[in-house]
Amino acid sequence: MERSEDLTTHEYPDPSYAAYANRYPWVGEDDGYMPSGLRTQRQSSWRDDSPDSDESDQSEAGSARYQNSAEDLQPFRGEMTFDSDYRASDANVTDDESISDADSIDSLEAFESIHGIEGERISQTIGQHSSLGLEGSTKSQKRRGRGGRPRGQRGGRKGVKRGLRRPIEPTGEFKALHSQATMAFLAHNYDEAEDLILQALLINPEMYEAHNLLSEIHAVRGDKDKALSAAWNGAHTRPRDPEMWSRIARLILERDNSKESLRDAIYCYNRIITVDTTNVEARYQRAALNHEAGYKKKAANEYEQLKKQLPHDTTVLRHLAEIYIELEEPDRALRYYRDTISHLQSNEPDVVTSFTWSDINIVTELYGFQQRYDEGLVELKSLARWLLGRREDVYWETYTQDDREWDMDDQPRRIEIPEYVPGEHDISTYGDGLPFELRIKLGVFRLRSESRDLEEAINHFEWLDPEDQQTGAKLYDYPDLYREAANALRGQSYYHEALRYYEPLQQVSEYTDAPYYLEMGACYRAVGLRAEAEDCFNTVLDIDSRNMAARTQLAQIRRESGVLQRDLEDGEAVSVRQRKTRRPAGNKGGKRSKKVKAPSVWSMPPLLAPRPATQSAKQTALEKKKTRDEDVQVLFLRREELKEEAKMGDESSKAQWMAATKALIEEFRDNKVFYPIDKHHRFYGYTREARNMAGRPKHELDAQLEKSKSILETYDGQQIKVPEEYCGIAFHAWLDMFLEYGMALAEAGDIKSAYEVIATAFHANVFFHSPESQYLIHVCWFTCALIANDDETLCNIARWFMKDYQFVTDGYRLFAALNRLCDSENSWFNCGPSQKYILRQLKAVDFSLIGEARRQTLFQERASYTTKDSNGNPIQADDMDVALLMLYGHILYAGKSYAYAINYFLRALALDPTNATIKLSLALGYLHYALKRQAENRHHILMQGLALLLEYYDSRQESSSYSEKQEAEFNVGHAYHILGLTHLAIPYYERCLDLSMAVQAESMSCKGEDFVNEAAVALQGFWAASKNVEKARGVTERWMVI
């Protein structure tokens, strides 16, 4: 299938982000870009029944009022200065910043189809655009030679003049309609003004003034969505107006902060930065929006660009620190701060203006995230000394055993330092000069340092004065510092001291949440105050009745006091009596009863049957449910207690944990509500009415779920609340039980049972209709398959990811990675079913990208769309995926179909011509193809392969990574080795060995691969085969002896 001319290679964070299209926005959501929040709004104001006025001759005299500047009409592709750093910084960048001239014509054609404009009128408008050089982008996309000129063209450009173009002169009819609409607007006749301006837009839709007036009309009416839509349309007529795009971004964000709105605002700032790459404010806004939208790496790259423009701006550094902490890379932010501190200390040695106490706090936090507490102590005190004007007092850095420098008074400790001169600096530059936040940080770091200096930490914490609870006490000014100090003490098992700072916080209602009572209750329990601990945990349950940590702690307290043990003994006695009388349905001859065993060896009662009672049927059912819930919760709490011990390797605890988990899973599986006959029936509750709801038409249920996710209404008006738990345990906790038990079975070697447990979770309706649950189930599924080295299951699970996340690059990468990790003799990677499935995916992408005329002749590939959007419409591919092409090419390559694999490698190379991995794959494909018996013109094929191999080598040698350079040396040497050209392979292998030390040094900071062993084995074989025993021995002793 031929590749479409306008394919690009961009990747998106998710399929919906690919909605940004190269179109003007006023043509509708199918052919043009519309703000995401406005796509569902049909622009009813664009009426098909607008009166068509007669064509009038265009006036030759230009009117400054209606002219757009030539700069505004400059076409995007090839003319605008792109922000190359931003485009290269993240794969999530869209293709909106490279709009072609041909898109304008496509948009006008779509405009005709949507709004019913007569063909003759649209042809005239298209002709106007064509006169400005908008004939299409196909010519500009022809292959170019050196210097950017089309092949065959010599000298400078001639013919159509590119660059600035004269603006289009509006028609006389447009001017009249616009003038009448303006007068009607000033007279507050908004309906008339809207009708007139819409007629004007049908004549000249490229005029900004008309769109701006329409936006003002909607704004006066209070319709912000339509006002925004009109302003958005008008902005594309002035694509190089930063103020316009900035205004639209503000309007979008004022409406709401949904993810779609954030993307639309990012699009606006993309436009601004495309025009002016040095616009600092736009970069700030775009970085902040990317961060808020969850694109952290992209936001980090954006702040990196800001740092290049503002090298030592502390505001940029604060944002970078926040993002790198979230990305778990605090060392990078710390390096930037260290560079800025060195710069500021050399330029502002005495008067510090741009570095504040907040920056010191951030630097200290960065040390804390890396657990470098001793270094953080030294750095905190050094920076504090600098801000207080005592930078020259470096002698304090030799006294690291305590923090006497920051005592309140000179006596009794600070005066003991020989270098200290009382009165040399103001007393306020010592103890009082250090902010409370940093003083508490000193105490926390003292506790967590290697010395674990409790006494010095308490000296700092005492500044909070925990005994003072009067009005105006520090407790009410610094409650967060109380909590921080208490948590630090509790973390180091100083429970008595921690309670001194926990207990006063009860006076501050904002800090008495469930985690607070959990932490304080743990301290009470640790010091033996069980009654107080039980009160704390009961308070947690009052706040959050589902808090399993509090339930576990209460169960442990009850067991320690003997209450739980009595309950368990009573429960076991009742269970034994009921087992003798209970008979499962369908059990003949009592055969099944022989298999019934106690679920565990620690006397945990099994899930009980209903206790006999002389009550009504309803009361009996309620009593049965209550009893079952209590038993299940006790069993669950016991399982949670054993969990940590089982993870530590205690075999007895692990056996009991497995038995408890198995019993809980059997209880869940025995409930038929979770496993209806039709698996497509959703779960709405346990009652008969709730189960009947599942059989209602899907559109009725969807309509109710749109109003409320948790409450449904029956035909008779009764409201049903959809449960989120079973037996008092949340569904996500039940899913964790299934997956953890399946993993444990797989690690124990019982892979068949592991698959059965995971399949049980997969078919449960509470998980089957939850995308998040399905995702976790399949991740666990392929993890078990990896443990069992089951490549067939791995391929099947990987296909699920490609089906449910179609056209997403990571799905194809996951398929390749899982097959790479599996070590099996008969690989399913290149088997027939896998090859056909990947080919169908590839055909589906091609079908999405070909022209409409070609699509009409192809119907089979439509069934390959497996992912749908929120409206139920199939999601199509927006660009060809290089990873998919390479995956299918390697499947063919692994099946020794080298000639066919080369075709797909060439397609991938056309999309990503600088990718070294593609060049290596192509080179090996040609080399192996040349060695086949059926190859024709073998020498020519070999030269093609070697040429690509050397291109790969050159691209790797340009890299700054020693690992990549060594990889190139080994691969080229190995290629010559395959061809039998040992005299050419030896120099590459030797250079590979020479790079080993640099690769090992580099791998200490970032993970890399060392090819020294492979190269040494190859060289040893060469020298041994040539009877050069001394060199073979030298290579062996130098590189192969451990």
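Under an unreviewed UniProt entry, the name given to the chain is TPR-like protein, and the organism recorded is Lepraria finkii.

Trainee: When you look at the packing of aromatic side chains in this model, what are you seeing that I'm missing?
Mentor: The description of two aromatic rings rests on the distance between their centres and on the angle between their planes. Inspection of every chain in the model, using the stated rule, returns 46 aromatic pairs. Ring geometry for Phe436 against Tyr478: centres 4.8 Å apart, planes inclined by 35 degrees, an arrangement best described as tilted. Of this pair, Phe436 sits in helix 16 (residues 436-448) while Tyr478 is found in the loop between helix 18 (474-477) and helix 19 (479-491), placing the two residues 42 residues apart along the sequence. Aromatic side chains Phe970 and Tyr989 sit 5.8 Å apart centroid to centroid with 50 degrees between the ring planes, which places their arrangement in the tilted category. Residue Phe970 is found in helix 41 (residues 962-979), and its partner Tyr989 is found in helix 42 (residues 982-994); the two are separated by 19 residues along the sequence. These aromatic residues form a ring-pair network of at least three members: Phe668, Phe674, Phe683, Tyr686, Tyr726, Phe731, Trp734, Phe738 and Phe767. A cation sits over an aromatic face here: Arg439 above Trp463, 3.7 Å from the ring centre.

Trainee: Help me understand the pattern of salt bridges, please; the structure alone is not making it clear to me.
Mentor: Pairs can form between side chains of opposite charge whenever their charged atoms are close. Scanning the entire structure with this criterion turns up 44 salt bridges. Salt-bridge contacts for Asp403 lead to Lys381; the nearest nitrogen and oxygen are separated by 3.1 Å. Separated by 22 residues along the polypeptide, Asp403 in the loop between helix 15 (373-387) and helix 16 and Lys381 in helix 15 bring together distant segments of the chain. Neither Asp403 nor Lys381 differs from the other in exposure class; each is buried. Between Arg956 and Glu967 there is a salt bridge, with the nearest N and O atoms lying 3.1 Å from each other. Here the residue Arg956 occupies a position in helix 40 (residues 938-957), and Glu967 occupies one in helix 41, the gap between them amounting to 11 residues. The residues Arg956 and Glu967 share a single accessibility class, namely buried. Look at the salt bridges and you will find they share partners, linking Arg385, Arg390, Asp393, Glu397 and Glu405 into a network.

Trainee: Would you mind showing me how to read helix 38 (residues 898-911) here?
Mentor: Counting along an α-helix, one turn takes 3.6 residues, and residues three or four places apart therefore face a common direction. For helix 38, built from 14 residues, the straight-helix expectation of 20 Å at 1.5 Å per residue is met to within 8% by its first-to-last C-alpha distance of 20 Å. Buried within helix 38 we find Tyr898, Ala901, Ile902, Tyr904, Phe905, Arg907, Ala908, Leu909 and Leu911. In the core, the buried residues of helix 38 are packed alongside helix 35 (832-849), helix 37 (882-894) and helix 39 (916-930).

Trainee: Would you explain the confidence of the model for the chain in this entry?
Mentor: For the chain, the mean per-residue pLDDT works out to 77, and 73% of the residues sit at or above 70. Below pLDDT 50 for its whole length, residues 1-159 participates in 317 contacts with residues either more than four positions away or in separate chains. Taken as a whole, residues 571-614 scores under 50 in pLDDT and shows 54 contacts with residues more than four places along the chain or in a different chain.

Trainee: Got a minute to help me understand the packing of helix 20 (residues 495-502) against helix 21 (residues 514-526) in this structure?
Mentor: Helix-helix packing is described using two parameters, namely the angle between the two axes and the distance between the axes. At their nearest, the axes of helix 20 and helix 21 sit 9 Å apart, and the two run at 145 degrees to each other. Crossing of helix 20 over helix 21 shows left-handed handedness. Where helix 20 abuts helix 21, its residues Tyr495, Ala498, Leu499 and Tyr502 lie against Tyr516, Glu519, Met520, Cys523, Tyr524 and Ala526. Looking at side-chain class alone, the contact of helix 20 with helix 21 contains nine nonpolar, no polar and one charged residues.

Trainee: Sorry if this is basic, but what is going on with the nonpolar core here?
Mentor: Soluble globular proteins: nonpolar side chains tend toward being buried together. Judged by nonpolar contacts, the single largest core of 127 residues is most densely connected at Phe668, Phe731, Trp734, Phe767 and Ile777. When residues no more than four places from it in sequence are discounted, the contact partners of Ile777 are Leu735, Leu739, Ile758, Ala761, Phe762 and Phe767. By size, the runner-up hydrophobic cluster in this structure holds 72 residues, among which are Tyr324, Phe436, Leu489 and Val508.

Each value, and the rule that gives it
Residues numbered from 1 in each chain as written. Predicted model: local features only at pLDDT ≥ 70, side-chain atom pairs only at ≥ 80, totals over all residues. Heavy atoms only, no water. Phe/Tyr/Trp six-rings, centres within 6.5 Å; stacked < 30°, edge-to-face > 60°. Helix = DSSP H or I, 4+ residues; strand = E, 2+ residues; numbered from the N terminus. Lys NZ or Arg CZ within 6 Å of the ring centre and 35° of its normal. Salt bridge = Lys/Arg side-chain N within 4 Å of Asp/Glu carboxyl O. Buried < 20%, exposed > 50% of the residue type's maximum accessible area, 1.4 Å probe, protein only. Expected span 1.5 Å × (residues − 1). Contact = heavy atoms within 4.5 Å. pLDDT = per-residue confidence, 0-100. Axes fitted to C-alpha atoms, helices over the stretch in contact; angles between N-to-C directions. Left-handed = near helix turned anticlockwise from the far one by under 90°. Nonpolar A, V, L, I, M, F, W, Y, C, P; charged D, E, K, R; others polar. Core = buried A, V, L, I, M, F, W, Y, C linked by side-chain atoms within 4.5 Å.

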